[in-house]
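Report on the structure
Each chain is listed here by its residues.
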Amino acid sequence: MRTPSLALCLSLLGCNAVSSGGFDPDASTTGSDAPAGTDTGTRPDANAARDVPTRVDTASPAPGDPATRSTDDVCGRFRAESAPGRSAPGWTPGATACDPGTLSPQTRSAAVQSLNLFRWLAGLGPVGEDATRHDASQACAVMMERNGMLSHTPPNSWMCWSEAGYDAASHGNLLGGRGVTTNAWNAIERWIDDRNDLTRTLGHRRWMLYPTLGDVGYGQTSAFACLYVLGGFRGSRTRPWVAWPNAGPVPAEVIPPSWTFSTQTLGWTEGVSAVRVTRDGAPVAITAVARRAPNYGDDTVSWDVPDVTPGAVYAVEITGIAMGTVRYDVRPVACP
């Protein structure tokens, strides 16, 4: 028997699957033994506000920088703020197939809390909840559930199609697959992980860790989830760059194979720019160093790192980019 597949999708966002990934806005895939859909990462609206690039001294961490935190601080907050999403109540179907059913405010808030935990780890400020986006995201999740597939542009011939559901699908991260179950925590964690990113954009992660991300909405059924993330960008930048995994202590269980470094203007030049990683001073053989496609959040370079060891120090050095050389240490920690 094959393991049920769980797919993730992000329209101008990004698509990935827990068994596949990468969003093609013109195609949907069923989700029994095949991926439930593909999702690549949503691009921003054409008129979305973008901040003016600012040169910032990166030689020393600023107050609140994740590099300054202790292991106890990180593990304490990780345990406390991931717990609600892991245990949040599930979805109760409605009286009819297209009824949005019941998803408790506790579950929706737990999803946003989980997202804000990752943003805090990365040194970013929190986002808020938008009730209208919650409702649209729930309509989106029910539509995906009833059709058993993912699409950022679902046709109006789909069962349970609605303008609200379409709006959320075209502005959000999607996840789901037949024969699987999901909850608020694993939906958010899988979007951040983005390991099954077929289109190689890492769009889910890049939008969720976008510095000026605004309010979001979350919807969930038994096997599908939608996170409304595009539109309403707000606030100002407090960091010149964002890394995942973050500088400083980071729970080892959420460190993905692909690491990323994002900034407004990367200035990456093939053959000139480079990424180097050491573990406790010894070189690490990283692979797949590449600049990701533009317009999925900030400019991003990624690279793959073999299995990490809690307690080790991974020193990252990025050279040949617009802001000059950037160095930071990633310290995986086991959070019991």
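Residues numbered from 1 in each chain as written. Predicted model: local features only at pLDDT ≥ 70, side-chain atom pairs only at ≥ 80, totals over all residues. Heavy atoms only, no water.

Quick look at the overall build of the protein chain
Helix and strand counts for the protein chain come out as six helices and 16 strands. The burial tally for the protein chain puts 56% of its 336 residues in the buried class. In the structure as shown, the protein chain presents an accessible area of about 13200 Å², 51% of it carried by carbon and sulfur atoms. (Helix = DSSP H or I, 4+ residues; strand = E, 2+ residues; numbered from the N terminus. Buried < 20%, exposed > 50% of the residue type's maximum accessible area, 1.4 Å probe, protein only. Areas by Shrake-Rupley, 256 points an atom, 1.4 Å probe, with all protein chains shown as cover.)

Comments concerning the state of the cysteines
Linking two cysteines covalently through their sulfur atoms gives a disulfide. Under the defined criterion, the tally for this structure stands at three disulfides. The disulfide bridge from C98 ends at C160, spanning 2.0 Å between sulfur atoms. Negative torsions about the S-S bond denote left-handed disulfides, and the value of about -80° found for C98 with C160 makes this one left-handed. Residue C98 is located in the loop between α1 (71-87) and α2 (105-121), and its partner C160 is located in the loop between α3 (131-147) and α4 (163-170); the two are separated by 62 residues in the primary sequence. (Disulfide = S-S within 2.5 Å.)

Structural notes on the side chain of S114
As for its position among the elements, S114 is in helix α2. Using a relative accessible area of 0% as the deciding quantity, one classes S114 as buried. When sequence neighbours within four positions are dropped, the list of residues in contact with S114 reads E81, G85, A184, W185 and I188. (Contact = heavy atoms within 4.5 Å.)

Section: the packing of aromatic side chains
Two numbers describe a pair of aromatic rings. These are the distance of the centres and the angle of the planes. Enumeration according to the criterion identifies 11 aromatic pairs in this entry. For the ring pair F78 and W185, a centre distance of 5.8 Å and an interplane angle of 80° mean the geometry is edge-to-face. Of this pair, F78 sits in helix α1 while W185 sits in helix α5 (residues 184-193); the two residues are 107 residues apart in sequence, bridging distant segments of the chain. The class of W185 is buried, set by a relative accessible area of 6%. An aromatic cluster of three or more residues is present, and its members are F78, F118, W185 and W244. A cation over an aromatic ring shows up here: R69 above the ring of W120, its NZ or CZ 3.8 Å from the ring centre. Cation over ring: R239 sits above W241, and NZ or CZ is 5.0 Å from the ring centre. (Phe/Tyr/Trp six-rings, centres within 6.5 Å; stacked < 30°, edge-to-face > 60°. Lys NZ or Arg CZ within 6 Å of the ring centre and 35° of its normal.)

Re the nonpolar core
Grouped together as the largest cluster of nonpolar side chains are 67 residues, with contacts concentrated most on F261, W303 and Y328. Here this core takes eight residues from α2, the largest share from any one element. Residues L150, V180, A223 and Y228 belong to the second largest nonpolar core, which totals 16 residues. (Core = buried A, V, L, I, M, F, W, Y, C linked by side-chain atoms within 4.5 Å.)

Looking at empty space enclosed by the protein
A water-sized probe rolled over the atoms picks out the places where empty space is left. Using the criterion set out here, one finds one cavity of 30 Å³ or more in the structure. R205, R206, L209, V242 and S262 are the residues nearest the centre of the largest cavity, which is lined by 13 residues in total. Elements supplying a minimum of two residues to the lining of the largest cavity: α6 (203-208), β8 (242-244) and β10 (258-263). Per-element accounting of the lining of the largest cavity gives the leading share, three residues, to β8. (1 Å grid on protein atoms, 1.4 Å probe; cavity = no way out; pocket = protein on both sides within 12 Å on 5 of 7 lines; lining within 4 Å. Points joined across faces, edges and corners; volume = space filled by probe spheres on them.)

Note that every value here comes from positions in space, so none of it alone points to a role or purpose.
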